[in-house]
Amino acid sequence: MGHDSLDATATRLRRDILKMLYLCQSGHPGGSLSCVEILEGLYYRTMRVDPARPAWEDRDRLVLSKGHACPALYAVLADLGFFPREDLWRLRQVDSHLQGHPDMTKTPGVDVNTGSLGQGLSVAVGLALAAKHKRKDYRVYAVVGDGEVQEGMIWEAAMAASHYKLDNLVVLLDHNGLQIDGPNEEVMGLGDIVAKFSAFGFDCEEVDGHDAEAVAAAAGRRAEGRPRFIRCRTVKGKGVSFMEGAAGWHGKPMNAQEYETAMKELGGGQDV
Amino acid sequence: MSEAKSLRVAYGEALVELGAANERVVVLDADLAHATMTSLFQAKYPDRFYNFGLAEANMMCAAAGFAHSGLLPFASTFALFGTGRAYEQIRNSVAYVNANVKFGLSHSGLSVGEDGGSHQSVEDIALMRVVPNMTIFVPCDPVETRKAVFAAAEIDGPVYIRVARPVVETITAPDTPFVPGRIVLLREGSDVCILATGLMVKEALKASDALAREGIRAAVADVHTIKPFDSEFVLAAAEKYGRLLTVEEHSVIGGLGSAVAETLAGASAAKFRRLGIRDKFGYSGKPADLFEAFGLTPGHIASECKALVG
Ligand SMILES: Cc1ncc(C[n+]2csc(CCOP(=O)(O)OP(=O)(O)O)c2C)c(N)n1
Ligand SMILES: [Mg+2]
């Protein structure tokens, strides 16, 4: 950790994500690749965590509310030493602790189960409220998808976060513009999403979601008495030319040829 | 036997066919049209297709609104998010008023596989079975899936069609009867009767083949309708075979096994066993690995039959 630049780390994480997904021939490449720098900025710069003590009470919490992107989270957790990197290659296998969607009862470092979209942010609200209740100063970061924010629960959570003045909660939107059935604006338009969170009482900011330092800086800021919302502008499938901006790569397995091409674009060699 | 096809493709194709015959059919989805295969209907009839985005609860209540306006809505998403997330919407806005809404919910059961326990609905039949006015179809192959869609359109009231994800071979024929609420005997036997539903029908036939080689004659019945339940057939089978086994890709609580247990209780002394998921959540793995781990293979079915016969 911290021994190379964030750019080099991001490339390494992307390679691990692709290898994991190629080996299990299922899972979600597009949304995993779009949130690499968001998770990187949080875990390598902003958050207070200790890989040796995954259950440390005072740690900051990360809720990957868009749980299908967990290959990105697993790559980060392995890189930080929460569990051996070799475990990654057993993703989604019948005897693996790495489930298709994050499982706090199986994987060290996973704070909250997600996968059923919309629920994670509400759990994050509960974690943040509990921190206030227990007079703890840890912070809670929730990463949500732009399709995910169509769920009504997101807005119930947003209202509660503001009502309870959760200034220890940061919501990061992976705004890649795509969901399964196509662009957000064709499936169910989000409108001005920043204005919406702002109207719900959030302190809002926008960043380049592929600039890990910018994400980290934005996530580190606090607004007294208000939850924070960061719109991270991202590209779905980021880093692999044929996946970038392609809704079809939401949840499609790569064939051998595609895998080889993708790995080449990320520095060559297949490492299988 | 004949063509192998994913049941969700069969579902999507049936909607297209039904849509051609009936202009009142509208199809709703929640950002899973490319997974539930309602995308086939969308491509053919874009002005009768409505995507609600990731908003299952909203979609179910909106479906009730379409039904109240004389239309025939089919709403689709994954089985867990439809019957689970939107349970109370189905219960109150749809079933309570017997609204004419159909739910074709895909990716049911353990056979979702790698996505893991968060996506494997092992309780959806139970959830829908306790709701009054609900009809539940669990088709076993592509041909039966098509029949279920057309039968649902004829019923006045809510119908849940449980659509599994895997590609399955066709085991019934176009002229195999599909009468809602009537169990179909696919294979005659004499020693034991296997009552199977959905993907387990094919596994039961394989088990019956294996048992035949050992001299045990196992009848196989296809329970395509879980509600209303064909207790007449079950009581007659209890009388005739004296030994019954249920097999389902669902919890043994609240599904087919429960329906048979409720039928037999106090009415029959037949020997009876249930195969299904024993009050556990699933986890990630290939469907075949999971069927092995949860005891839902032809081998497991055959040993249960032997335990009943022996
Ligand atoms: C409640 C619920 N409904 C549906 C799904 C199926 N699903 C998985 S990912 C996805 C699209 C998510 O889009 P988005 O939030 O934009 O994610 P990203 O683009 O970051 O991958 C859907 C519909 C789900 N996991 N949970
Ligand atoms: Mg998206």
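Located above this text is the structure these notes cover.
A quick note: this is a predicted structure, and the numbers were derived from the prediction, not measured. (Residues numbered from 1 in each chain as written. Chains lettered and ligands numbered in written order. Predicted model: local features only at pLDDT ≥ 70, side-chain atom pairs only at ≥ 80, totals over all residues. Heavy atoms only, no water.)

Student: Residue-level account of the overall build of chain A, with values.
Tutor: On a plain count of helices and strands, chain A comes out with 10 helices and seven strands. Against the 2.2 N^0.38 benchmark of 19 Å for 272 residues, chain A shows a C-alpha radius of gyration of 17 Å, consistent with a compact globule. Dimensions of chain A, computed from C-alpha atoms along their principal axes, come out at roughly 50 × 45 × 35 Å. Residues counted as buried form 57% of the 272 residues belonging to chain A. In chain A, the share of contacts with a sequence separation of at least 24, taken over all contacts with a separation of at least 6, comes to 74%. (Helix = DSSP H or I, 4+ residues; strand = E, 2+ residues; numbered from the N terminus. Rg over C-alpha atoms; globule rule 2.2 N^0.38 Å. Buried < 20%, exposed > 50% of the residue type's maximum accessible area, 1.4 Å probe, protein only. Contact = heavy atoms within 4.5 Å.)

Student: Go over helix α4 (residues 56–68) of chain B, please, and point to the residues and values.
Tutor: Residues and elements named next belong to chain B. With 13 residues, α4 ought to run about 18 Å at 1.5 Å a step, and its terminal C-alpha atoms sit 19 Å apart, in line with that. For α4, the set of buried residues is Glu 56, Met 59, Met 60, Ala 63, Ala 64, Phe 66 and Ala 67. Angular distribution of buried residues about the axis of α4 spans 160°; they occupy a single face of the element. Lining the buried residues of α4 we find β2 (25–29), β3 (49–51), β4 (72–76), α5 (79–85), α6 (87–94) and β5 (102–106). Where α4 ends, the next residue or the one after it, Gly 70, has phi of about 85°, a positive value. (Expected span 1.5 Å × (residues − 1). Arc of directions from axis to C-beta.)

Student: Can you lay out the site of ligand 1 for me, pointing to particular residues and giving the numbers?
Tutor: The local shell around ligand 1 holds 24 residues, among which Lys 66, His 68, Asp 146 and Lys 236 of chain A together with Glu 56 of chain B are the closest. In this structure, ligand 1 sits where chains A and B come together, each supplying nearby residues. Separating a nitrogen atom of ligand 1 from a backbone N or O atom of Gly 115 of chain A is a distance of 2.8 Å. Here Asp 146 of chain A contributes a side-chain N or O atom positioned 2.5 Å from an oxygen atom of ligand 1. Burial of ligand 1 by the protein amounts to 99% of the accessible area it has alone, namely 600 Å². Elements that contribute at least two residues to the shell around ligand 1 include exactly β4 (178–179) of chain A together with α5 of chain B. For the shell around ligand 1, the residue count by class is six nonpolar, 10 polar and eight charged. (Near = heavy atom within 4 Å. Polar contact = N/O pair within 3.5 Å; in protein donor to acceptor, adjacent residues only side chain to side chain. Areas by Shrake-Rupley, 256 points an atom, 1.4 Å probe, with all protein chains shown as cover. Nonpolar A, V, L, I, M, F, W, Y, C, P; charged D, E, K, R; others polar.)

Student: An account of the sheet that holds strand β3 (residues 169–175) of chain A is needed here, citing residue identities and associated values.
Tutor: Residue and element names in this part refer to chain A. As summarised here, the arrangement of the five strands in space is β1-β2-β3-β7-β6, forming an open sheet in which the pairing is parallel. Whereas interior strands pair on both sides, the edge strands pair on one side only; in this sheet they are β1 (61–64) and β6 (203–208). Taken pair by pair, the neighbouring strands of this sheet meet at an average axis angle of 20°, ignoring direction. Pairing between β3 and strand β7 (residues 228–233): six bridges, direction parallel. (Pairing = 2+ DSSP bridges. Axes fitted to C-alpha atoms, helices over the stretch in contact; angles between N-to-C directions.)

Student: So, the packing of helix α10 (residues 231–241) of chain B against helix α11 (residues 256–264) of chain B: which residues are in play, and what are the values?
Tutor: Residue and element names in this part refer to chain B. The interhelical angle for the contact between α10 and α11, taken along N-to-C directions, is 70°, at an axis separation of 10 Å. With respect to α11, the axis of α10 lies roughly perpendicular. Where α10 crosses over α11, the two elements pack in a sense that is right-handed. Residues Ser 231, Val 234, Leu 235 and Ala 238 of α10 lie in contact with α11, whose contacting residues are Val 260, Thr 263 and Leu 264. For the contact of α10 with α11, a count of residues per class yields five nonpolar, two polar and no charged. (Parallel < 35°, antiparallel > 145°, perpendicular 65-115°, else oblique. Left-handed = near helix turned anticlockwise from the far one by under 90°.)

Student: Can you break down the coordination of the magnesium ion (ligand 2) residue by residue, with the values?
Tutor: The magnesium ion (ligand 2) binds to the protein through Asp 146 of chain A (OD), Asn 176 of chain A (OD1) and Leu 178 of chain A (O), with metal-donor distances spanning 2.1 to 2.2 Å. The motif formed by the donor residues of the magnesium ion (ligand 2), counted along the single chain, is D-x29-N-x1-L. (Donors = N, O, S within 2.8 Å, 3.2 Å for Na, K, Ca; no water.)

Student: Which residues make up the sheet that holds strand β14 (residues 271–277) of chain B, and what are the values?
Tutor: Residue and element names in this part refer to chain B. Here we have five strands laid out as an open sheet, ordered β9-β11-β10-β13-β14, and mixed in their pairing. Strand pairing shows two members of the sheet lacking a second neighbour, β9 (184–187) and β14, which therefore form its edges. The average undirected angle you get between the axes of adjacent strands in this sheet is 25°. Sheet analysis places β9 next to strand β11 (residues 218–222), joined by three bridges and oriented antiparallel. Residue pairing across strands places Val 184 opposite Asp 222, the latter belonging to β11. Each of β10 (192–196), β13 (243–251) and β14 is contacted by helix α13 (residues 298–309), which is oriented at about 160° to β14, the strand it contacts most.

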